[in-house]
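Each chain, letter by letter, is given below.
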Amino acid sequence: MYLLIVVLPLLGSLVAGVFGRFLGSRGAALVTTTCVSISSGLCFIAFYEVALGASACYIKFAPWIFSEMFDASWGFLFDTLTVVMLIVVTFVSSLVHIYSISYMSEDPFLPRFMCYLSIFTFFMLMLVTGDNLIQMFLGWEGVGLASYLLINFWFTRLQANKAAIKAMLVNRVGDFGLALGIMGCFAIFQTVDFSTIFACASAFVWEPSFIFLNMKIHALTAICVLLFIGAVGKSAQIGLHTWLPDAMEGPTPVSALIHAATMVTAGVFMMARCSPLFEYAPKALIVITFVGAMTSFFAATTGILQNDLKRVIAYSTCSQLGYMVFACGISNYSVSVFHLMNHALFKALLFLSAGSVIHAMSDEQDMRKMGGLASLLPFTYAMMLIGSMSLIGFPFLTGFYSKDVILELAYTKYTISGNFAFWLGSLSVFFTSYYSFRLLFLTFLAPTNAFKRDIERCHDAPTLMAIPLILLAFGSLFVGYLAKDMMIGLGTHFWANSIFILPKNEIMFSSEFATPRMMKLIPILFSAIGAFLAYRVNFCANKFIYVLKTSTLGTKCYCFFNKRWLFDKVFNDFIAKSFLRFGYEVSLKTLDKGAISILGPYGISTTFRKLAKQISTLQSGFVYHYAFVMLIGLTIFITIIGLWDFISFWVDNRLYFIYLLSFLFIHLERDVRTN
């Protein structure tokens, strides 16, 4: 059963990819959706056995790479953390498959699309079930490949091409860090197997002899920072986040599956999986906390002035990933994974609802060209409202039970990094509330700005698109309440040994009973202020707001936030251009076509050609000339052989080589001058 969970999506992908043209669109969609849905059902059974029954399953499948101390076998580890991720991945994936049947029904390449979706699901399952770092890295690279294929699905669009290449290249930076971290693990622990590494981690707490970049630094700190660089790339943290908003060029089901619910959470999963390593590297945890807090704030401020419907939700994803990351930084991996699960539900709901709006509006994504859709799309409006309320942490919805706990934990950490994360996270709540309600007002409630032809063709979600929305809406309403005590309740044994927290870092009790009531109310207060401000700015006619928008300061602020803090401009002007200039001036002209070419193929071939031309002049055609040269040569040869002991004492053998090279270069220089 456990192997079927992983294999079924691969089987569906192969059938759709190889036999798609014979099965047709409906046949390929049916096969892939059935395989992923069965896998999802088996995941719920595995969850009952492994998590609720507290019996982890370990499967050693087959040998893969075996070389002396290096042993990376095909193995699958099903513990509580794995089965929670399995449910998230397969449940959302099966709903996205069902949704895509209707959403992509008019696309002639639906079998290829379903094939890509299923192969992505397979690689994601490989990532979360791997029992060693190499197998996890295989899944890690596989989801990157599937992401590239899906973003670039409409490959005739230039923007889709550019976005896919950008996603691949930016992720390469993070993957390089992850690869170095895996190499560091093997260098220190002599293995890549999770269980062995985690068992030995505490023995290397005081091990300072790891040399990295010619510096002697703490081994576990270096490894954890390198692993975190991998998470920064995949989970779109500040610095390597630029690929995520551009990835919205792909079809909307892709955004819901990959860039909200599954692939972008791989970095958070990896940190939770490697919690025994991170717990013994406190400096790395401080870095993680600061980066996560800055990401949540930066992405939330950027989202407030975006006009593309999907791009707003993409920056929301980036911001929520920041919450998950700094939750790991304050050593509360269980709360981070709980928020990951909740976020997957309401963010998939938001993306699929946005897809329903775009589908109804003839592929229009600009919110300024919408408005008044609440009466035309009442069902989609209700779904979007539920998702937005859950996102901003409205009391007693799913998002409330994880986001507020993360902020309380950051406050009760009582460290500089914890306070930094708490206040930036609280400000992010304000901006999150603002852009969520701005999205609702501009799209559904404000006076319409849409074209007449779009309004005439407007239609609510058909049945196949509505079913996934309804299921995700129930999840966004109730899952947080139902799973809170089980997953993050005081004294729960739910996670067993899948997550490790040092006793000195355990602050759940303090956060529950020692946080002042005012601090617990700050997120709700900020949410209310953000919603009210969004109402006043985007829904009501207000002279002061108009003057502020049209002032020089307002224009500059709008430009700064709308252009995403000018990150893309800085990267392009100061990094990309420098690399391109170096590549052309130094690498191409000076090295490839310069020194290497002259000393290599071009120089050698030219030298021998000129030398052969010079020697050919000795070909006079007279026999007595040839006889004379042979006689002279034979005489010199016999002389050298006979007097070798005497000559070798006075002459170094290497001089012959120098003489030969000098002869060649003199001839070459003479030819260059004559030409």
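Note that the coordinates shown come from a computational prediction; the quantities given were computed from them, not determined experimentally.

Reading guide: rules and limits
Residues numbered from 1 in each chain as written. Predicted model: local features only at pLDDT ≥ 70, side-chain atom pairs only at ≥ 80, totals over all residues. Heavy atoms only, no water. Helix = DSSP H or I, 4+ residues; strand = E, 2+ residues; numbered from the N terminus. Buried < 20%, exposed > 50% of the residue type's maximum accessible area, 1.4 Å probe, protein only. Contact = heavy atoms within 4.5 Å. Phe/Tyr/Trp six-rings, centres within 6.5 Å; stacked < 30°, edge-to-face > 60°. Lys NZ or Arg CZ within 6 Å of the ring centre and 35° of its normal. Expected span 1.5 Å × (residues − 1). Axes fitted to C-alpha atoms, helices over the stretch in contact; angles between N-to-C directions. Parallel < 35°, antiparallel > 145°, perpendicular 65-115°, else oblique. Left-handed = near helix turned anticlockwise from the far one by under 90°. Nonpolar A, V, L, I, M, F, W, Y, C, P; charged D, E, K, R; others polar. Salt bridge = Lys/Arg side-chain N within 4 Å of Asp/Glu carboxyl O. Pairing = 2+ DSSP bridges.

1. Topic: the environment of Ala354
Item 1. With respect to the helices and strands, the residue Ala354 is situated in helix α14 (residues 333–360).
Item 2. Taking the relative accessible area as the measure of exposure, Ala354 reaches 0% and is therefore buried.
Item 3. Placed 27 residues apart in sequence, Ala354 and Tyr381 show a C-alpha to C-alpha distance of 9.6 Å.
Item 4. Not counting the four nearest positions on each side in its chain, Ala354 is found in contact with Leu309, Ile313 and Met384.

2. Some details on the packing of aromatic side chains
Describing an aromatic ring pair means giving the distance of the ring centres and the angle of the ring planes.
Item 1. A full pass over the atoms with the stated rule returns 35 aromatic pairs.
Item 2. Ring geometry for Phe297 against Phe431: centres 5.9 Å apart, planes inclined by 70°, an arrangement best described as edge-to-face. Of this pair, Phe297 sits in helix α12 (residues 282–303) while Phe431 sits in helix α17 (residues 416–445), placing them 134 residues apart in sequence.
Item 3. When its relative accessible area of 17% is taken as the criterion, Phe431 is described as buried.
Item 4. Judged by centre distance (6.4 Å) and plane angle (80°), the ring pair of Phe297 and Trp565 falls under edge-to-face. Of this pair, Phe297 sits in helix α12 while Trp565 sits in the loop between α23 (552–562) and α24 (567–599), and the two are 268 residues apart along the sequence.
Item 5. For Trp565, a relative accessible area of 26% translates into the label partly exposed.
Item 6. One aromatic cluster is present, formed by Phe297, Phe298, Phe430, Phe431, Phe560, Phe561, Trp565, Phe567 and Phe571 through successive ring pairs.
Item 7. Its guanidinium or amino end placed over the ring of Phe109, Arg112 lies 5.1 Å from that ring's centre, counting from NZ or CZ.
Item 8. One cation-aromatic arrangement involves Arg273 over Phe194; the distance from NZ or CZ to the ring centre is 5.9 Å.

3. Digging into the side chain of Ser147
Item 1. Mapped onto the elements, Ser147 comes out in helix α4 (residues 133–151).
Item 2. When its relative accessible area of 2% is taken as the criterion, Ser147 is described as buried.
Item 3. When neighbours within four sequence positions are excluded, Ser147 is seen to be in contact with Ile258, His259 and Met263.

4. Focus on helix α3 (residues 110–129)
Item 1. If you check α3, its first and last C-alpha atoms are 29 Å apart, about what 20 residues at 1.5 Å a residue would give, namely 28 Å.
Item 2. Most of α3 sits out of view: 19 of its 20 residues are buried.

5. Thoughts on the packing of helix α16 (residues 398–411) against α17
Item 1. Look at α16 against α17: their axes get within 7 Å of each other, and the N-to-C directions meet at 150°. Here α16 lies roughly antiparallel to α17, going by the angle between them. Once α16 is placed against α17, the crossing between them reads as left-handed. Taking contact as the criterion, the partners of Lys403, Leu407, Ala410 and Tyr411 in α16 are, on α17, Gly418, Asn419, Ala421, Phe422, Gly425, Ser426, Val429 and Thr432.
Item 2. By residue class, the composition of the contact of α16 with α17 is six nonpolar, five polar and one charged.

6. Regarding the pattern of salt bridges
Item 1. Scanning all chains against the criterion turns up 13 salt bridges.
Item 2. The residue Lys166 makes a salt bridge to Asp568 at a minimum N-O spacing of 3.0 Å. Within this pair, whereas Lys166 is found in helix α5 (residues 158–189), its partner Asp568 is found in helix α24, the two being separated by 402 residues in sequence.
Item 3. Note on Lys166: relative accessible area 22%, which makes it partly exposed.
Item 4. A relative accessible area of 16% means that Asp568 is categorised as buried.
Item 5. The partner of Arg311 in a salt bridge is Asp246, and the shortest N-O contact between them spans 3.2 Å. Of the two residues, Arg311 sits in helix α13 (residues 309–329) while Asp246 sits in helix α8 (residues 243–246), which places them 65 residues apart along the sequence.

7. With respect to the pairing of strand β2 (residues 70–78)
Item 1. Extensive coverage of β2 is indicated by the burial of seven of its nine residues.
Item 2. In this sheet, β2 lies alongside strand β1 (residues 57–67) in antiparallel orientation, the contact comprising eight bridges. Its bridge partner being in β2, Tyr58 is matched across the sheet by Leu77.

8. Let's talk about unusual backbone geometry
Item 1. With phi around 60°, Gln190 is a residue other than glycine that occupies positive phi space.
Item 2. Its identity is not glycine, yet Ala236 carries a phi of approximately 55°, on the positive side.
Item 3. Counting through the fold element by element, Ala236 comes out in the loop between α7 (219–234) and α8.

9. Focus on the packing of helix α10 (residues 266–273) against α14
Item 1. The interhelical angle for the contact between α10 and α14, taken along N-to-C directions, is 155°, at an axis separation of 10 Å. It follows that α10 is roughly antiparallel to α14 by the angle criterion. Here α10 and α14 pass one another in a crossing that is left-handed. Note on element contacts: α14 touches α10 through Tyr333, Ser336, Val337 and Leu340, opposite Val268, Met271 and Ala272.
Item 2. Taken together, the residues of the contact of α10 with α14 sort by class into six nonpolar, one polar and no charged.

What is shown is where atoms sit, not what they do.
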